[in-house]
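Fold and geometry: a report
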Amino acid sequence: MSDSIEFTPLATSDSLDQDDEPITTKPKSSSTSRPKKISLSAQIERIADAAIGGLGPVLIVVAFLLLSITIFCYFTVLLPFHHSWKEGEGLSGNLGYIFHWTWGCYLVWGISANYFFAVRISPGTVLDGVSSSGDAMFQDVLQEMESYTELPPTCKRCHLPKPERTHHCSVCKSCVLKYDHHCPWIHNCVGHFNHRYFLMFLTYLSIACVYFVIMGAGPFMLAADMDSESNWPYWLDRSLVAFSEVLAVAIGFAVGGMACWHWYLTLTAQTTLEQYNNSYIKKICKKKGDTFTNMYDFGVIGNLQDFFNIGPRGHYPWYTAFLPLRIPPIGNGKRFERSGRGFVLDFGDDDEDMV
Ligand SMILES: [Zn+2]
Ligand SMILES: [Zn+2]
């Protein structure tokens, strides 16, 4: 490592990025220039990317089928097992049935709407808002970024400027704004314009799994009791009910863990990629006795307002965070407000500059 390395948010995210040339990192040593030779690992990576891309539509169909089975199972077995509409007792006598029926519908709406938005809405690319093509397109992108205080690096694959927090997705073959990761289950990248829907899809699905497991415990025990064939009054086959219960447990653990991770990222204003880079820089700072702070971090409340576009920092009322509606995020995903607590760490001396 050289004697003097400067860390800025751009250099931070780009220093570990293989797809661009970080022009904000100093000094630019000769070791950064690599021969253009496709290694075996790069070839394997390309095959894996193609496989992930091809698998996407299949996984969407699988997700749709699994969701359909469990939803059908809930309304035809789980709900009738616990509550049924009692004729002649009116609304007051059927409150339990109404509550669980409404709650089930709300979860289905939350899961399906957010999944649909996560799949269909583009995470955002550098070319958003640019209608021209060819050289004119490149000029338009550069013109848009003329007002930027820091000149962004250029992606070696797209040959277009990369705004802050942007990363190239090798599966989608484009640079994605506020890139988090590529998810084969939505056949899409998770980025600036669809991260909200991805997070809420995970959240609704996790809650639904817990609810389903609790509601399905009784029917599952009944379905597992193969000796009592006559004790199964439901139209749906008992094996499908047992399968749904096991599926809900497995998905609940997997998706629940992922939901917790993305809530942590949201509350700390980081993407998955940034979190890895930030933790790396934190270690370096710790060795130097410095404290690293994320310049996009406005505190838990501020970060929530930014992410959901609600409250004083956003444009929508707070309760819209719980509504599975299409609500755009703050900004165009190319520039982000900074809390002013980011800093440049210079290994050449002990100066720490606020940016
Ligand atoms: Zn790119
Ligand atoms: Zn992607």
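Nothing here was measured: the structure is a model prediction, and the numbers come from that model.

Along the protein, the regular secondary structure elements total 8 helices and 7 strands. Burial status across the protein gives 31% buried among its 355 residues. Counting contacts in the protein only where the partners sit at least 6 residues apart, residues at least 24 apart contribute 62% of the total.

One finds F198, F201 and L205 to be the most contacted residues of the largest nonpolar core, which totals 42 residues. Examining the composition of this core, we find that 14 residues originate from one element, helix α5 (residues 195–224), more than from any other. Ignoring any residue separated from it by four or fewer positions in sequence, one finds F201 in contact with I111, N114, Y115 and A118.

Let's shift gears to helix α7 (residues 272–288). The end-to-end C-alpha separation of α7 is 25 Å, in line with the 24 Å expected for 17 residues at 1.5 Å each. Looking only at α7, the buried set comprises E274, N277 and N278. End-on view of α7: buried residues confined to an arc of 100 degrees, all on one side of the axis. Pointing more than 90 degrees away from the buried face of α7 are the exposed residues Y276, S279, K283, K286 and K287. In the stretch just after α7, G289 is the one whose phi turns positive, near 85 degrees.

So, about unusual backbone geometry. With glycine set apart, most residues show a phi of negative sign, and most peptide bonds adopt trans. Although it is not a glycine, R165 sits at a positive phi angle of roughly 70 degrees. Examined against the element boundaries, R165 turns out to sit in the loop between α4 (135–144) and β2 (167–169). Of the residues examined, R165 has 24 C-beta atoms within 10 Å and is grouped as buried. Look at H187: it is not a glycine, yet its phi comes out positive at around 50 degrees. Along the chain, H187 falls in the loop between β4 (181–183) and β5 (188–190). By the C-beta count within 10 Å, which is 21 here, H187 ends up buried.

Our focus in this paragraph is the UniProt feature "transmembrane region" (unreviewed entry) in the protein. The positions UniProt marks with the feature "transmembrane region" (unreviewed entry) are residues 50–77, 97–117, 197–222 and 242–265. Along residues 197–222 the backbone is 100% helical and 0% strand, and the end-to-end C-alpha distance reaches 36 Å. Secondary structure content for residues 242–265 is 100% helix and 0% strand, and the end C-alpha separation is 35 Å.

This part takes up the confidence of the model for the protein. Mean pLDDT over the protein works out to 83, with 79% of the residues at or above the 70 mark. Taken element by element, the protein is modelled with least confidence in strand β7 (residues 352–354), mean pLDDT 34, and with most confidence in β5, mean pLDDT 97. In this model residues 1–16 is a low-confidence stretch, pLDDT under 50, and it forms 46 contacts with partners more than four residues away in sequence or in other chains. In this model, residues 22–32 is a region of pLDDT below 50 whose contacts with residues beyond four sequence positions or in other chains number 19 contacts.

As a further point, take helix α3 (residues 95–120). An ideal rise of 1.5 Å per residue puts 38 Å on 26 residues; α3 measures up with 37 Å between its terminal C-alpha atoms. All of the buried residues in α3 are L107, G110, I111, N114, Y115, F117 and A118. In this fold, the buried residues of α3 make contact with α2 (40–82), β5 and α5.

A word on the packing of α2 against helix α6 (residues 238–267). For the pair α2 and α6, interaxial distance at closest approach is 10 Å and the crossing angle is 115 degrees. For the pair α2 and α6, the sense of crossing is left-handed. Only L240, V241, S244, L247 and A248 of α6 make contact with α2, whose side of the interface consists of L66, I69, T70, C73 and V77. When grouped by side-chain class, the residues that make up the contact of α2 with α6 number 8 nonpolar, 2 polar and no charged.

Structurally, H83 is set in the loop between α2 and α3. Taking the number of C-beta atoms within 10 Å as the measure of exposure, H83 has 17 and is therefore partly exposed. For the pair formed by H83 and L95, sequence separation is 12 residues and the distance between their alpha carbons is 9.5 Å. Other than its neighbours up to four places away in sequence, H83 contacts G96, Y97 and H100.

Another aspect to go through is the environment of S112. Note on placement: S112 falls in helix α3. By C-beta crowding, S112 is classed as partly exposed, having 17 other C-beta atoms within 10 Å. Sequence separation between S112 and P324 is 212 residues; the distance between their C-alpha atoms is 8.9 Å.

Rules used throughout
- Residues numbered from 1 in each chain as written.
- Chains lettered and ligands numbered in written order.
- Predicted model: local features only at pLDDT ≥ 70, side-chain atom pairs only at ≥ 80, totals over all residues.
- Helix = DSSP H or I, 4+ residues; strand = E, 2+ residues; numbered from the N terminus.
- Buried ≥ 20, exposed ≤ 12 C-beta atoms within 10 Å, placed from the backbone.
- Contact = placed C-beta atoms within 7 Å.
- Core = buried A, V, L, I, M, F, W, Y, C linked by C-beta atoms within 7 Å.
- Expected span 1.5 Å × (residues − 1).
- Arc of directions from axis to C-beta.
- UniProt positions renumbered as here; feature names shortened; annotations may be inferred.
- pLDDT = per-residue confidence, 0-100.
- Axes fitted to C-alpha atoms, helices over the stretch in contact; angles between N-to-C directions.
- Left-handed = near helix turned anticlockwise from the far one by under 90°.
- Nonpolar A, V, L, I, M, F, W, Y, C, P; charged D, E, K, R; others polar.

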